[in-house]
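Reading the structure
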Amino acid sequence: MARRKKAVDPTLPVLPEGLIEQLAAGVKTPADFQQVYRAFQKMLTEKVLQAELTHHLGYPEGEGRTPEGNARNGTTPKRITTDTGTLDLAIPRDRHSTFAPQFVPKGVRRLPGFDETVLALYARGLTTRELQGYLEERYQVPVSPDLISTVTSEVMEEVTAWQRRPLDPVYIAVVFDALRVKIRGEGVVQNKAVYLALGVLPDGTKEVLGLWIAQTEGAAFWHRVFSELQSRGVQDILVAMIDGLAGLPEALHTVFPQTTIHQCVVHLVRQSLQFVGWKERKLVAADLRQIYTAPSEAAAQAALAHVRATWGGRFPQIAPIWERAWDRLTPSLLYPLDARRVLYTTNAIESLNSYLRKPLRTRGHFPNDEAATKLLYLVLRTIGKKWQQRPAREWQRAVPHLQLLFGDRFPLAV
């Protein structure tokens, strides 16, 4: 059976026959490959710049001048940093100094690939000193801390645009939580709260709606977050998942009065087990599980009564924890168990927080709010690309039930 020919990528240009053979003739080691590749990159870049100058002047090389008397005027040496190293280029110029190259713009010493490398490593938690050492070893050129700071600071414009971007009018669910980050302020390192809102769209994909930094976590600041989301276009949130912060439900309902609030059962279980010794934890956790997996509210009430009768004598603090959160727990009991699993926990944002904590561990603390915002945003940008590629499958199972429960309020997926 004949072998199938490999499909050719139509987006790639067709190179002249014999060119690759000539380039590969002297390549025997990875170092040889790098030298040939860099030489090819340099020649191609300079050819593109010459073509730009030809277009600017309006006549090919070797012919007359423009009516205004403008003409080619040699070249200027310039060293640029790319994602593969440094290139020493000969930048063409004209007599009237009106030529402004677009491929390697004036004043630019770094091509986009280099900046993306810096940002990717910065998002993975490398400190400025570690980045400096890596870049100097990789590119064999001095890299100052100011250069790294300049590259990362340019992200702030992107952060500002991201934080102000319009949002969808309706979200199936939004998870609200806060993360603690050490940030220096007024000469003292403080544990500040980073507020996060993670939204779920009808197709199951997730997106972080924004991040905000404040001194502490409180319902008053959450109210500001809700109001900002509303001003950016959010008209309705079907389900809000919270961790039980006092005053948060009331603050949310002042902005989104129709939203159903779900208490995170993971937080309830954690609060309950902190009063239990290691020997009894599995037994108590198994009895608590009967509450939030009960087929109905009456069965959940019976399971809570069992917990009170069985463990109330030794651990009297457990039952009141669930009783106080009962009004925010019972809405999830209306759903089948498959749908319930994604609507009674904040696991999605707990997973997000674990991603954010990895680079935070290497930092110790940040000098200011802006430095913390830059790093957190770069991590979120990386995670967002993965979310777009892999929509959450568990949400797909929950969608039909939510459509029945919320009716016209449920947004139609595009």
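Right, let's walk through the structure included here. (Residues numbered from 1 in each chain as written. Predicted model: local features only at pLDDT ≥ 70, side-chain atom pairs only at ≥ 80, totals over all residues. Heavy atoms only, no water.)

**Notes on the sheet that holds strand β7 (residues 260-263)**
- In space, the five strands of this open sheet follow the order β5-β4-β3-β6-β7, with mixed pairing throughout. Whereas interior strands pair on both sides, the edge strands pair on one side only; in this sheet they are β5 (206-214) and β7. On average, each strand axis in the sheet is tilted by 25° relative to the strand beside it, whichever way the strands run.
- Here strand β3 (residues 170-185) runs beside strand β4 (residues 188-200); their pairing, made up of 13 bridges, is antiparallel. By the bridge assignment for β4, Val174 is matched with Gly199.
- Lying over the sheet, helix α7 (residues 219-231) contacts β3, β4 and β5, oriented at roughly 135° with respect to β5. (Pairing = 2+ DSSP bridges. Helix = DSSP H or I, 4+ residues; strand = E, 2+ residues; numbered from the N terminus. Axes fitted to C-alpha atoms, helices over the stretch in contact; angles between N-to-C directions. Contact = heavy atoms within 4.5 Å.)

**Some details on a positive patch on the surface**
- Taken together, the side chains of Arg124, Arg357, Lys358, Arg361 and Lys386 make up a positively charged region of the molecular surface.
- When residues in the positive patch are grouped by element, the largest group, three residues, is from helix α15 (residues 347-361).
- Position of Lys386 relative to the elements: it lies in helix α16 (residues 369-389). (Patch = residues over 30% accessible without salt bridge, like charges linked within 9 Å, V, L, I, M, F, W, Y side chains within 5 Å. Areas by Shrake-Rupley, 256 points an atom, 1.4 Å probe, with all protein chains shown as cover. Salt bridge = Lys/Arg side-chain N within 4 Å of Asp/Glu carboxyl O. Lys, Arg positive; Asp, Glu negative; His and termini not counted. Charge placed at Lys NZ, Arg CZ, Asp CG, Glu CD.)

**With respect to the nonpolar core**
- Counting 55 residues, the largest nonpolar core has Val194, Val239, Leu352, Leu356, Phe366, Trp395 and Leu402 as the members making the most contacts within it.
- At 10 residues, the largest contribution of residues to this core is made by α16.
- Those residues within four positions of Phe366 in sequence are excluded, and the remaining contacts are Val181, Lys182, Ile183, Arg184, Leu360, Ala371, Ala372 and Leu375.
- Leu167, Trp222, Leu229 and Val234 belong to the second-largest nonpolar core, a separate cluster that totals 27 residues. (Core = buried A, V, L, I, M, F, W, Y, C linked by side-chain atoms within 4.5 Å. Buried < 20%, exposed > 50% of the residue type's maximum accessible area, 1.4 Å probe, protein only.)

**Digging into the packing of aromatic side chains**
- Tallied over the full model, the rule gives eight aromatic pairs.
- Ring geometry for Phe176 against Trp222: centres 5.5 Å apart, planes inclined by 75°, an arrangement best described as edge-to-face. Note that Phe176 is positioned in strand β3 and Trp222 in helix α7, a separation of 46 residues in sequence. Each of the two residues, Phe176 as well as Trp222, counts as buried. (Phe/Tyr/Trp six-rings, centres within 6.5 Å; stacked < 30°, edge-to-face > 60°.)

**Brief notes about the side chain of His262**
- Here His262 shows up in strand β7.
- Since its relative accessible area comes to 1%, His262 is described here as buried.
- When sequence neighbours within four positions are dropped, the list of residues in contact with His262 reads Val239, Ala240, Met241, Ile242, Arg328, Pro331, Ser332, Tyr335 and Leu343.

**Comments concerning the packing of helix α10 (residues 278-292) against helix α11 (residues 297-311)**
- Running from N to C, α10 and α11 point in directions that differ by 155°, and their axes come no closer than 7 Å. In terms of axis orientation, α10 runs roughly antiparallel to α11. Residue-level inspection shows Glu280, Leu283, Val284, Asp287, Leu288, Gln290 and Ile291 of α10 in contact with α11, the latter providing Ala300, Ala303, Leu304, His306, Val307, Thr310 and Trp311. (Parallel < 35°, antiparallel > 145°, perpendicular 65-115°, else oblique.)

**Focus: helix α8 (residues 248-255)**
- For α8, the set of buried residues is Leu248, Pro249, Ala251, Leu252 and Val255. Angularly, the buried residues of α8 cover 165° about the axis, an arc narrow enough to put them on a single face. Residues of α8 that are exposed and angled more than 90 degrees away from the buried face: Glu250 and Thr254.
- Tucked inside the fold, the buried residues of α8 contact β3, α7, β6 (236-242), β7 and α13 (326-329). (Arc of directions from axis to C-beta.)

**Regarding α7**
- For α7, built from 13 residues, the straight-helix expectation of 18 Å at 1.5 Å per residue is met to within 8% by its first-to-last C-alpha distance of 18 Å.
- Burial in α7 covers these residues: Ala219, Phe221, Trp222, Val225, Phe226 and Leu229. Seen end-on, α7 carries its buried residues on one side only, within an arc spanning 155°. Among the exposed residues of α7, those oriented more than 90 degrees off its buried face are Ala220, Arg224 and Ser231.
- Packing partners of the buried residues in α7 comprise β3, β4, β5 and α8.
- At the exit of α7 stands Gly233, carrying a positive phi of roughly 115°. (Expected span 1.5 Å × (residues − 1).)

**With respect to the pattern of salt bridges**
- This model, assessed by the stated rule, comprises eight salt bridges.
- The partner of Lys192 in a salt bridge is Asp369, and the shortest N-O contact between them spans 3.0 Å. Placement of the pair is Lys192 in strand β4 and Asp369 in helix α16, with a sequence separation of 177 residues.
- For Arg314, the salt bridge goes to Glu280, with nearest N and O atoms at 2.7 Å. Note that Arg314 is positioned in the loop between α11 and α12 (318-324) and Glu280 in helix α10, a separation of 34 residues in sequence.

**Some thoughts on the environment of Ile148**
- Structurally, Ile148 is set in helix α5 (residues 145-153).
- Distance in space between the C-alpha atoms of Ile148 and Gln132 is 7.6 Å, their sequence separation being 16 residues.

Scope: geometric values only; no functional claims are made or implied.
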